[in-house]
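Reading the structure
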Amino acid sequence: MRHLLSTADLSHTQALSILDTAEEMAAVSTREVKKLPTLRGRTVVNLFFEDSTRTRISFEAAAKRLSADVMNFSAKGSSVSKGESLKDTVQTLEAIGADAIVMRHWASGAAAQLAASDWTDCAVINAGDGTHEHPTQALLDALTLRRGFSAAQGQDPRGTDLTGMRVLIVGDILHSRVARSNIWLLRTLGADVGLVAPATLLPVGVEKWPVSVFYSLDEALGSGPDAGPDAIMMLRVQAERMGGAYFPTAAEYTRRWGLTDERLARLQAHRGALGQTPMILHPGPMNRGVEISAAAADSPMNQVLDQVSHGVSVRMAVLHLLLSGSERNTA
Ligand code: NCD
């Protein structure tokens, strides 16, 4: 593996290898000295053309825990505002000595274009490209799901996949790179995936995807204790990517597709296919009172902060696999 651009490119073996390496990295993060010397002398550049809190800081923490040098580039306040192209920006960073570029860009396909270009020899990691993909988010979500369920069963998560797990992804699927990366990875790992959204927030052609589609969250949650999902992933309504009105009002959206207090209570009583209380996931940032109630945001079922911690382990694993040793330049 030379770059990480999409979860659709990952085989079952590669996905498990990243997750298992992330488990090793998580052990490093619990030590008194949270550092490995693996990437000493290597430089990782965070190249961000869109806003970010979690992803950028998480990649920075991951690179530093592996002893790499980190440079942070944000398009705001840079020569991009003077008209500099992506090619010239990237070649400038490479001249400064970058070995890996972690890029977030508003254009779908930007990371793939960079990886295929002759502008740089750096390893390219996609940290979110438009509405296309966000592979490390899906990997950290998979780590969270795998950990939660194996812990409840008293098992070691390593080497296991998500076979038999039912995961519902709810909300603005149309604009969500998180949803796309999750769908491909969850399917590769053997989970069943359901999508829940207003018809206006589902992409054209979704019926050809390997998922079940629901237009009603209440229907997707089902009734009875054995019904419903093992995990529910709530997505933010990405108003910044919307040119028009995709649903009548925010209140109407919450009433029909939000994780309200009433739906939280129903979920609490559920035991999904694996017989455990369902997990709530959210990639962040959460919009409390829109897609998720304050009670659901603060519920012990909500994994959002564990997801953030797991993000550091997953990104350490990805940087390690791409930059150290024989995996570099082999595929
Ligand atoms: C997401 C993103 O930017 O794609 N956030 C993240 O990286 N954790 C989702 C979002 O912005 O809603």
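Residues numbered from 1 in each chain as written. Predicted model: local features only at pLDDT ≥ 70, side-chain atom pairs only at ≥ 80, totals over all residues. Heavy atoms only, no water.

The name given to the protein in an unreviewed UniProt entry is Aspartate carbamoyltransferase, with the source organism recorded as Nesterenkonia jeotgali. A UniProt comment under Pathway (unreviewed entry) is attached to the protein, and it reads "Pyrimidine metabolism; UMP biosynthesis via de novo pathway; (S)-dihydroorotate from bicarbonate: step 2/3." What UniProt states about the protein under its Catalytic activity (unreviewed entry) heading is, verbatim, "carbamoyl phosphate + L-aspartate = N-carbamoyl-L-aspartate + phosphate + H(+)". (UniProt positions renumbered as here; feature names shortened; annotations may be inferred.)

Brief notes about helix α11 (residues 304–323)
Here α11 is 20 residues long and its end C-alpha atoms lie 28 Å apart, about the 28 Å a rise of 1.5 Å per residue gives. Counting buried residues in α11 gives 15 out of 20 residues, a clear majority hidden from the surface. (Helix = DSSP H or I, 4+ residues; strand = E, 2+ residues; numbered from the N terminus. Expected span 1.5 Å × (residues − 1). Buried < 20%, exposed > 50% of the residue type's maximum accessible area, 1.4 Å probe, protein only.)

What about the UniProt feature "domain: Aspartate/ornithine carbamoyltransferase Asp/Orn-binding" (unreviewed entry) in the protein?
Here the UniProt feature "domain: Aspartate/ornithine carbamoyltransferase Asp/Orn-binding" (unreviewed entry) sits at residues 275–321. What you have in residues 275–321 is 49% helix and 6% strand, and the ends, taken at the C-alpha atoms, are 35 Å apart.

Some details on empty space enclosed by the protein
In the structure shown here, the tally under the stated rule is one cavity of 30 Å³ or more. Lining the largest cavity, in full, are Arg54, Thr55, Ser58, Gln137, Leu140, His282, Pro283, Val304, Gln307, Val308, Gly311 and Arg315. When residues of the lining of the largest cavity are traced back to their parent elements, those giving at least two are α2 (54–65), α5 (135–152) and α11. The biggest single contributor to the lining of the largest cavity is α11, with five residues. Partitioning the lining of the largest cavity into residue classes produces four nonpolar, six polar and two charged. (1 Å grid on protein atoms, 1.4 Å probe; cavity = no way out; pocket = protein on both sides within 12 Å on 5 of 7 lines; lining within 4 Å. Points joined across faces, edges and corners; volume = space filled by probe spheres on them. Nonpolar A, V, L, I, M, F, W, Y, C, P; charged D, E, K, R; others polar.)

Details of the packing of α5 against helix α6 (residues 177–188)
Look at α5 against α6: their axes get within 8 Å of each other, and the N-to-C directions meet at 55°. One way to sum up the angle between α5 and α6 is to call them oblique. Remark: the crossing between α5 and α6 carries right-handed chirality. Of the residues in α6, those touching α5 at Pro135, Gln137, Ala138, Leu139, Asp141, Ala142 and Leu145 are Val178, Ser181, Asn182, Leu185 and Leu186. Its residues assigned to classes, the contact of α5 with α6 shows eight nonpolar, three polar and one charged. (Axes fitted to C-alpha atoms, helices over the stretch in contact; angles between N-to-C directions. Parallel < 35°, antiparallel > 145°, perpendicular 65-115°, else oblique. Left-handed = near helix turned anticlockwise from the far one by under 90°. Contact = heavy atoms within 4.5 Å.)

Looking at the pairing of strand β6 (residues 192–196)
Counting buried residues along β6, four of its five residues qualify, which places the element largely inside the surrounding structure. With five bridges joining them, strand β5 (residues 166–170) and β6 adopt parallel strand pairing. Bridge pairing links leucine 168 to glycine 194 in β6. At this point the chain moves from β5, through α6, to the parallel β6, and the crossover so formed is right-handed. Strand direction decides the pairing type here: β6 and strand β7 (residues 212–214), joined by three bridges, are parallel. Residue pairing in the sheet places glycine 194 in a bridge with serine 212 of β7. (Pairing = 2+ DSSP bridges. Right-handed = clockwise from strand over helix to strand, strands pointing away.)

Quick look at the domain arrangement of the protein
In terms of domain boundaries, the protein breaks down into domain 1 (7–133 + 309–326) and domain 2 (135–303). On a C-alpha basis, the centroid separation for the pair domain 1 and domain 2 is 26 Å. Roughly 2600 Å² is buried in total at the junction of domain 1 and domain 2, and carbon and sulfur atoms are behind 60% of that figure. Summed over the three residues of domain 1 that lose the most area to domain 2, namely Thr7, Glu23 and His310, the buried surface amounts to 24% of that side. The residue arginine 241 makes a salt bridge to glutamate 50 at a minimum N-O spacing of 3.0 Å. (Domains from an automatic or database assignment. Buried area = accessible area lost by both parts, 1.4 Å probe. Salt bridge = Lys/Arg side-chain N within 4 Å of Asp/Glu carboxyl O.)

Concerning the sheet that holds strand β3 (residues 100–105)
In spatial order, the strands read β2-β1-β3-β4; together these four strands make up an open sheet with parallel pairing. Lying at the two open borders of the sheet, with one neighbouring strand each, are β2 (69–74) and β4 (123–129). Each strand of the sheet is rotated relative to its neighbour by a mean of 15°, with strand direction disregarded. Where β3 lies against β4, five bridges are found, and the strand directions are parallel. Within the sheet, the bridge partner assigned to valine 102 lies in β4 and is isoleucine 125.

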